[in-house]
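# Topology and contacts: notes
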Amino acid sequence: MAEPWSDQHARFHQTLRSRGLLPIGTRVLVAVSGGQDSIGLLRLLVDLRRLWHWELVVGHCNHGWRSDATANGDFVIQLANDWGLPAALAIWDAPQANEAAARAWRYDALSSLAQQHRCSTIVTGHTASDRAETLLHHLIRGSGGDGLGSLDWQRSLGSLQLVRPLLDWTRAETAEFCQTWQLPRWEDSTNQDQRYFRNRLRSQVLPLLRAAFNPQVERHLAQTAELLADEAQWLEQLTAQWLETHGHDRAGPGRGNGGDRLDRAQLQREPIALQRRVLRRWLTQQTARSPTYAQVAAVLALVNAPQGSQTRSLPQGAVVRVLDRWLVWLPAESSGGQTEQGDRSLV
């Protein structure tokens, strides 16, 4: 197959170089659904392979949701064969009509395919449009800064690396690329199903924002998500350092994960944003689940509360109590369901 070159290829090449996303010689599993984003991505990777010497494997996930799912998979496998690439297929044995469950299965399936084919990296065709939709999705649901900044350029996926090299392309630009190079695509009928939240954002909300407020809204929202992701990463580093220094076990010195005590006197000196992050991570470590906004707020109120104050808004009847300069985590069996003399319940 001829390997063309264009301004679009040059742009993609420059993104890879400046961000260090796919080093020379990487063995890559390319997640291909058959839609315009993943097909455009695959063609860009194939065309630039002569410069980067990647080894490419096509991976396709059949969720079993649609009557044409098998034909969709056959289309992807045939395209890979036509382009001289090995291909691998994963089929969901127990499909569920649930977006979250499908996403979890898809990443598990892609990880398994990558390991089977000795790939160190999984590449997906997520775009700036996907990033904008994700930001709006999390904003509407009341997510914090970490959720708003999700869909980063790369992240760890167990022992593998997940890379999203099209995050500066909009969906309109991948469509233009596919049209320019006359690339075959498979239209997914579920993209029009208005029962799915993201489809309603895509077909109703974003067109309204483009028409009524800003034609470049997707790109600007994606840029905002990137800024939030960078700031969240920095704040998480500060949070980890703070817990390493100021979190303790009652039986001994800090163990590097916050222990069961926090230095309340030190926490009082920190900005409110860092206080919230420290408490959220500390509560997550104690309960093995993400705390709610209300639970973090309840413990945050203890930072400047009188001696003996406590909150009981935590899972499994656990208690956080103010003892001298400390915030102390007490599991349900330790708290005994009793408040000490002078305790003030905050919730």
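The structure contained in this document is the topic of the report that follows. Note that this is a predicted model, so its numbers are computed, not measured.

### Some points on the packing of helix 11 (residues 272–287) against helix 12 (residues 293–300)
For the pair helix 11 and helix 12, the least separation of the axes is 10 Å and the interaxial angle reads 115°. For the element pair helix 11 / helix 12, the angle class is roughly perpendicular. For the crossing formed where helix 11 meets helix 12, the hand is right-handed. When helix 11 is examined against helix 12, the residues Ile 272, Gln 275, Arg 276, Leu 279, Arg 280 and Leu 283 are found in contact with a partner set consisting of Gln 295, Val 296, Val 299 and Leu 300. Of the residues in the contact of helix 11 with helix 12, the class split is 6 nonpolar, 2 polar and 2 charged.

### Here's the deal with the sheet that holds strand 8 (residues 261–263)
Spatially, 5 strands are ordered 7-8-11-10-9 in an open sheet, and the strand pairing comes out antiparallel. For this open sheet the edge positions go to strand 7 (247–248) and strand 9 (310–311), each flanked by a neighbour on one side alone. Bridging between strand 9 and strand 10 (residues 319–323) involves 2 bridges; their strand directions are antiparallel. In the strand pairing of strand 10, Thr 311 is matched with Val 320.

### Concerning helix 8 (residues 197–212)
Between its first and last C-alpha atoms helix 8 spans 21 Å; for 16 residues at 1.5 Å apiece the expected length is 22 Å, and the two agree. Residue Val 205 marks the point of greatest curvature in helix 8, where the axis turns by about 30°; the proline Pro 207 follows within four residues. Here helix 8 has its buried residues at Asn 199, Leu 201 and Leu 206.

### A closer look at the environment of Glu 187
Among the structural elements, Glu 187 can be located in the loop between helix 7 (171–180) and helix 8. As for Glu 187 and Gly 35, which are separated by 152 residues in sequence, their C-alpha atoms are 6.1 Å apart.

### So, the pairing of strand 2 (residues 55–62)
In terms of residue burial, strand 2 counts as a mostly covered element, since 7 of its 8 residues are buried. When strand 1 (residues 27–31) meets strand 2, the two strands line up parallel, connected through 5 bridges. Each residue of the ladder has a partner; that of Ala 31, found in strand 2, is Gly 59. Running through helix 2 (residues 36–52), the crossover from strand 1 to the neighbouring parallel element strand 2 is right-handed. Bridge count between strand 2 and strand 3 (residues 87–91): 5 bridges; the pairing is parallel. Within strand 3, the position partnered with Val 58 by the bridge is Ala 87. Each parallel crossover has a hand, and for strand 2 linked through helix 3 (residues 69–82) to strand 3 it is right-handed.

### A short note on helix 7
All of the buried residues along helix 7 are Arg 171, Glu 173, Thr 174, Ala 175, Phe 177 and Cys 178. In the core, the buried residues of helix 7 are packed alongside helix 1 (7–19), helix 2, helix 5 (128–141), helix 8 and helix 9 (217–246). The first or second residue beyond helix 7 is Gln 182, which carries a positive phi of 50°.

Conventions used here
- Residues numbered from 1 in each chain as written.
- Predicted model: local features only at pLDDT ≥ 70, side-chain atom pairs only at ≥ 80, totals over all residues.
- Heavy atoms only, no water.
- Axes fitted to C-alpha atoms, helices over the stretch in contact; angles between N-to-C directions.
- Helix = DSSP H or I, 4+ residues; strand = E, 2+ residues; numbered from the N terminus.
- Parallel < 35°, antiparallel > 145°, perpendicular 65-115°, else oblique.
- Left-handed = near helix turned anticlockwise from the far one by under 90°.
- Contact = heavy atoms within 4.5 Å.
- Nonpolar A, V, L, I, M, F, W, Y, C, P; charged D, E, K, R; others polar.
- Pairing = 2+ DSSP bridges.
- Expected span 1.5 Å × (residues − 1).
- Bend = angle between axes of the 7 residues up to and from the residue.
- Buried < 20%, exposed > 50% of the residue type's maximum accessible area, 1.4 Å probe, protein only.
- Right-handed = clockwise from strand over helix to strand, strands pointing away.

By themselves, these figures tell us nothing about what the structure is for.
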